[in-house]
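# Understanding the architecture of this molecule
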Amino acid sequence: MKKQLLAMVILLLCSFYVFPSQSVFAAAASEMYVNAKSDIHLRETADPNAKKVGTIKNHSIVTVLASSNGFSYVIAGQVKGYVYTSALSNKITKPSPTVVSRGLAPVDGLTLTYYPSFLDSKRETFYVEKDDEFTYLYNKKSPLYPDLSNFTYIENPYGMMMGVSSSDFIFINSPYPLEQGTYFTQSDYYDDEYVLVESTTKTITVKAGTFRNVVILRFWDGSREYLAKGIGIIKSTNSSGEVITELESVKVRK
């Protein structure tokens with residue numbers, strides 16, 4: 001009888017100490033969303049150099065079991081591991097668009113300063129004026145102003161072109177839509193070449209600030225053009241990756 005009573009007491013104590021702790025653990029768990037620049041790594045321990053045990057797709061849901069010192073212990077599918085807490089969000093996140101079909105030309109009324117500029121290593125400021133599908137960049141200090149623009153964007157539902165005004169010198173001649181990972185053929189006065197739509201989702205920082213969902217066009221020689229919606233070209237690099245054009249500031253004229 002004493003043994004039976006002792007066994008009951010032990011069972012009650014186990015119930016008291018074990019089951020409440022499981023309830024607390026379950027209550028602490030919560031669902032969050034991955035909100036990062038790209039897919040994130042799941043690591044074995046809370047250490048940025050720890051062994052990778054998996055990869056979690058950006059914008060997917062994970063179950064957070066605990067968080068401490070900048071790391072969260074999560075369940076992703078059937079795998080548990082640690083991720084940066086800063087890569088998680090309580091809000092539903094949406095993936096960036098991989099297809100761009102309009103809006104890469106500058107909007108009307110902007111003042112864009114480049115340093116270095118398109119055809120000059122010096123600083124150059126342009127006033128943006130739009131006329132239907134034509135968007136003109138004027139440099140007031142240029143001898144051409146106000147009669148002629150320096151550069152022109154032509155954008156319509158079929159594509160966008162950008163080059164030196166009143167000339168055959170073209171920087172970009174791309175069709176729409178532009179889909180990340182695909183190629184198109186760019187034709188200009190001299191030749192045809194294949195251009196890779198390297199990305200439509202990158203976040204790029206230049207002197208003028210940080211821009212999201214930047215379209216990056218990579219040409220056959222490795223040179224690149226970087227375009228932001230409503231701004232146009234924010235950076236150009238040559239085949240060696242050196243910056244040859246960079247947006248320094250963006251202002252809205254009053």
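The following paragraphs examine the structure supplied in this document. Model, not experiment: these values are computed from the prediction. (Residues numbered from 1 in each chain as written. Predicted model: local features only at pLDDT ≥ 70, side-chain atom pairs only at ≥ 80, totals over all residues. Heavy atoms only, no water.)

## Side note on the pattern of salt bridges
Side chains bearing opposite charge may pair, as long as their charged atoms lie close to each other. Applying the stated criterion across every chain, the model contains 5 salt bridges. Here Lys57 makes a salt bridge to Asp39, at a shortest N to O gap of 3.5 Å. Note that Lys57 is positioned in the loop between β3 (52-56) and β4 (61-68) and Asp39 in the loop between β1 (30-34) and β2 (40-43), a separation of 18 residues in sequence. Given the relative accessible area of 34%, Asp39 is considered partly exposed. Of the charged contacts, one joins Lys207 and Glu246 as a salt bridge, the two residues approaching to 3.9 Å between their closest N and O atoms. Within this pair, whereas Lys207 is found in the loop between β17 (192-206) and β18 (209-218), its partner Glu246 is found in strand β21 (residues 243-252), the two being separated by 39 residues in sequence. Judged by relative accessible area, Glu246 falls into the buried class, the value being 12%. (Salt bridge = Lys/Arg side-chain N within 4 Å of Asp/Glu carboxyl O. Helix = DSSP H or I, 4+ residues; strand = E, 2+ residues; numbered from the N terminus. Buried < 20%, exposed > 50% of the residue type's maximum accessible area, 1.4 Å probe, protein only.)

## Details of the sheet that holds strand β9 (residues 110-114)
An order of β14-β13-β12-β11-β10-β9-β21-β20-β19-β18-β17-β16 is seen for the 12 strands of this open sheet, with the pairing classed as antiparallel. Where the open sheet ends on each side, the last strands, each with one partner, are β14 (170-175) and β16 (183-187). If you compare each strand with its neighbour and ignore which way they point, the axes differ by 25 degrees on average. Sheet topology places β9 next to β21; 5 bridges connect them, and they run antiparallel. Counterpart to Tyr114 in the pairing with β21 is Leu247. (Pairing = 2+ DSSP bridges. Axes fitted to C-alpha atoms, helices over the stretch in contact; angles between N-to-C directions.)

## Some details on the layout of surface pockets
In this model, the second largest pocket occupies a volume close to 320 Å³. Contributing to the lining of the second largest pocket are 20 residues, with Phe171, Phe219, Ser223, Glu225 and Ile244 lying nearest its centre. Of the residues in the lining of the second largest pocket, the class split is 8 nonpolar, 7 polar and 5 charged. (1 Å grid on protein atoms, 1.4 Å probe; cavity = no way out; pocket = protein on both sides within 12 Å on 5 of 7 lines; lining within 4 Å. Points joined across faces, edges and corners; volume = space filled by probe spheres on them. Nonpolar A, V, L, I, M, F, W, Y, C, P; charged D, E, K, R; others polar.)

## Quick look at the side chain of Thr113
Relative to the helices and strands, Thr113 resides in strand β9. For Thr113, a relative accessible area of 9% translates into the label buried. Looking at Thr113, its side chain comes within polar contact range of the side chain of Thr125, at 2.9 Å. Aside from chain neighbours lying at most four places away, what touches Thr113 is Arg123, Glu124, Thr125, Glu246, Leu247, Glu248 and Ser249. (Polar contact = N/O pair within 3.5 Å; in protein donor to acceptor, adjacent residues only side chain to side chain. Contact = heavy atoms within 4.5 Å.)

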